[in-house]
Amino acid sequence: MTSVDLGLPAVRPPGPRSVDTADERFRSGPLRDRHGRTARDLRVSLTDRCNLRCHYCMPPEGLPWLERPALLDDAEVVRLVGLAVRELGVHEVRFTGGEPLLRKGLEDVVAATSALRTPAGERVRTSLTTNGIGLARRAGALAAAGLDRVNVSLDTLDPARFASITRRDRHADVLAGARAAADAGLAPVKVNAVLLRGTNDDEAPALLRWALREGYRLRFIEQMPLDPHGTWQRSDMVTADEILTALQAEFELTPRPGSARGSAPAETWDVTDDDGRTGDVGVIASVTRPFCGDCDRTRLTADGQVRTCLFSTTETDLRDAMRAGAGDDELAVTWRAAMWGKLPGHDIDDPAFLHPTRPMSSIGG
Ligand code: SAM
Ligand code: SF4
């Protein structure tokens, strides 16, 4: 596969890290960190590959994909997810990528995950973040496998703009995918939109009007410094304030009563359109209003590395440990110890901020 020089520091190779497996703190319990947070929400990347080339996420030629043997196989994914749910306090699992619909075994992985029960006997909540291509064909099977709901990414209502942003002419497939998901009961369907200055930053109200009409819950995401070339500039980013100003020019937004954001990344507002349709809209202001203090995420990459944060510059290997014969207890200790070291915040505003060691598509967004 084509390879590009990302100009980024190499990811720390998996290998010996100083995990004191004798430390009592890591022998049982959930995924706590030293700043008082507990991770309950697991993001699992199932592949780093994608069938779109959103220009803020991937270069036209793609990225140097992980080789197949480097990827966790389905049984390995299910083993680690099961460990997280049974032993580590995880009660929500989101599959992502790259494009998770490219993973052939997705329905099997979802079925095995949705069959898991927490120690309190509760179902684990499952969801999928997808670009929606191929979802029209697979929504029924994913619902039958026990998937609860989906997030579909769509940045524009204009097919020509879509083709320009994603470098692929697949707008209709995304719309069909979102509709099929809603019809299959994978609801609420949330729609993720990234606004890009000079490209689609005039579309916030139109996207909201469309989402309300379709019954989807729209979430705008501030563009983060997770592009493969490291060219993100804060001054180019469309901020949450700008998005809200544009929405408020056409809608009355009412803050969700009692909805302190808590660990949910989106600040949400209730909204009604001109025809009386009600719904909500959210803004995920990871850059201008970071929610790190309440973060409840832990992440697993497609090649079996634990990341404590999207912006981590270190990773902790579970794949090689598992393949070398580590038992569940040992893997759990390693995961707990990794999370203990989670940093308090991403410090994007700090001049010393280091671009993460992988782009978004390889971490799992
Ligand atoms: N391919 C799937 C998709 O597009 O939904 C899943 C992976 S994608 C990385 C997940 C989400 O991250 C998408 O909504 C995408 O728009 C968003 N995203 C990608 N790069 C981003 C960036 N630099 N800042 C903010 N969001 C980004
Ligand atoms: Fe693919 Fe999602 Fe990245 Fe777009 S945002 S290139 S769909 S991984």
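Refer to the preceding data block for the structure.
J.: When you look at the overall build of the chain in this model, what are you seeing that I'm missing?
T.: On a plain count of helices and strands, the chain comes out with 10 helices and 14 strands. Its C-alpha radius of gyration of 20 Å places the chain within 12% of the 21 Å reference for a compact globule of 365 residues. The C-alpha extent of the chain, read off along each of the three principal axes, is 60 × 45 × 45 Å. Expressed as a percentage of its 365 residues, the buried residues of the chain come to 54%. Once local pairs closer than 6 in sequence are excluded, the contacts in the chain between residues at least 24 apart make up 75%. Accessible surface, the chain: about 15400 Å² in total, of which carbon and sulfur atoms supply 49%.

J.: What am I meant to see in the packing of helix α2 (residues 106-114) against helix α3 (residues 135-144) here?
T.: Working note: a packed helix pair is described by the angle between its axes plus the distance between those axes. Contact geometry for α2 and α3: axes closest at 9 Å, N-to-C directions at 25°. Accordingly, the angle class assigned to the pair α2 and α3 is roughly parallel. Seen along the crossing, α2 lies across α3 with a hand that is right-handed. For the pair α2 and α3, contact is made by Leu106, Glu107 and Val110 and by Arg138, Ala141 and Leu142, respectively. When its residues are assigned to classes, the contact of α2 with α3 shows 4 nonpolar, no polar and 2 charged.

J.: I would appreciate a short explanation of the pattern of salt bridges in the present structure.
T.: Oppositely charged side chains are able to pair whenever their charged atoms sit close together. Scanning all chains against the criterion turns up 29 salt bridges. Between Asp148 and Arg123 there is a salt bridge, and its shortest N-O distance comes to 3.2 Å. Taken together, the residues span a long stretch of sequence, with Asp148 in the loop between α3 and β6 (149-153) and Arg123 in the loop between α2 and β5 (125-130) at a distance of 25 residues. Here Asp275 makes a salt bridge to Arg277, at a shortest N to O gap of 3.4 Å. Connected through shared salt-bridge partners, Arg217, Arg219, Arg256, Asp270 and Asp280 make up one network.

J.: Help me understand the environment of Glu24, please; the structure alone is not making it clear to me.
T.: For Glu24, the position within the fold is in the segment before β1 (31-32). Measuring from C-alpha to C-alpha, the distance between Glu24 and Val333 comes to 9.5 Å, with 309 residues separating the pair along the chain.

J.: Just checking my understanding: could you explain the packing of aromatic side chains for this structure?
T.: The way to describe two aromatic rings as a pair is by their centre distance and the angle between their planes. Summed over all chains, the structure comprises 2 aromatic pairs. When the ring of Phe26 is compared with that of Trp340, the centres are 6.4 Å apart and the planes differ by 65°; the resulting orientation is edge-to-face. Of the two residues, Phe26 is situated in the segment before β1 and Trp340 in helix α9 (residues 328-340); the sequence distance between them amounts to 314 residues. Judged by relative accessible area, which is 7%, Phe26 ranks as buried. Accessibility expressed as a relative area gives 19% for Trp340, which makes it buried.

J.: Just checking my understanding: could you explain the site of ligand 1 for this structure?
T.: The local shell around ligand 1 holds 17 residues, among which Tyr56, Gly98, Glu99, Ser153 and Met224 are the closest. For ligand 1, an oxygen atom lies 2.9 Å from a polar atom in the side chain of Tyr56. Within the side chain of Asn192, one N or O atom sits 3.4 Å away from an oxygen atom of ligand 1. In the complex, the protein chains occlude 95% of the 540 Å² of accessible area that ligand 1 would expose alone. Grouping the amino acids of the shell around ligand 1 by side-chain chemistry returns 6 nonpolar, 9 polar and 2 charged.

J.: Honestly, the environment of Lys104 in this entry has me stumped. Any pointers?
T.: With respect to the helices and strands, the residue Lys104 is situated in the loop between β4 (92-96) and α2. Classification of Lys104 as exposed rests on a relative accessible area of 78%.

J.: Is there a simple way to explain the pairing of strand β8 (residues 217-221) in this structure?
T.: Side-chain direction in a regular strand flips from residue to residue, so the side chains alternate between the two faces of the sheet. The buried fraction of β8 is high, at 4 of 5 residues. With 4 bridges joining them, strand β7 (residues 190-193) and β8 adopt parallel strand pairing. The partner of Asn192 across the bridge, within β8, is Arg219. With helix α6 (residues 204-214) bridging β7 and its parallel neighbour β8, the resulting β-α-β unit is right-handed. Note that β8 and strand β11 (residues 278-284) share 4 bridges and pair parallel. Bridge assignment links Arg219 to a residue of β11, and that residue is Gly282.

J.: Just to check I follow, could you spell out the packing of helix α1 (residues 74-87) against α2 for this structure?
T.: Viewed as axis vectors pointing N to C, α1 and α2 meet at an angle of 25°, and their least axial separation amounts to 10 Å. Between α1 and α2, the angle falls in the class roughly parallel. For the pair α1 and α2, the sense of crossing is right-handed. Mapping the contact onto sequence places Asp74, Val77, Val78 and Val81 in α1 and Val109, Ala112 and Thr113 in α2. Looking at the contact of α1 with α2, its residues break down into 5 nonpolar, 1 polar and 1 charged.

What counts and how
Residues numbered from 1 in each chain as written. Chains lettered and ligands numbered in written order. Predicted model: local features only at pLDDT ≥ 70, side-chain atom pairs only at ≥ 80, totals over all residues. Heavy atoms only, no water. Helix = DSSP H or I, 4+ residues; strand = E, 2+ residues; numbered from the N terminus. Rg over C-alpha atoms; globule rule 2.2 N^0.38 Å. Buried < 20%, exposed > 50% of the residue type's maximum accessible area, 1.4 Å probe, protein only. Contact = heavy atoms within 4.5 Å. Areas by Shrake-Rupley, 256 points an atom, 1.4 Å probe, with all protein chains shown as cover. Axes fitted to C-alpha atoms, helices over the stretch in contact; angles between N-to-C directions. Parallel < 35°, antiparallel > 145°, perpendicular 65-115°, else oblique. Left-handed = near helix turned anticlockwise from the far one by under 90°. Nonpolar A, V, L, I, M, F, W, Y, C, P; charged D, E, K, R; others polar. Salt bridge = Lys/Arg side-chain N within 4 Å of Asp/Glu carboxyl O. Phe/Tyr/Trp six-rings, centres within 6.5 Å; stacked < 30°, edge-to-face > 60°. Near = heavy atom within 4 Å. Polar contact = N/O pair within 3.5 Å; in protein donor to acceptor, adjacent residues only side chain to side chain. Pairing = 2+ DSSP bridges. Right-handed = clockwise from strand over helix to strand, strands pointing away.

Shape descriptors only; they carry no functional weight alone.
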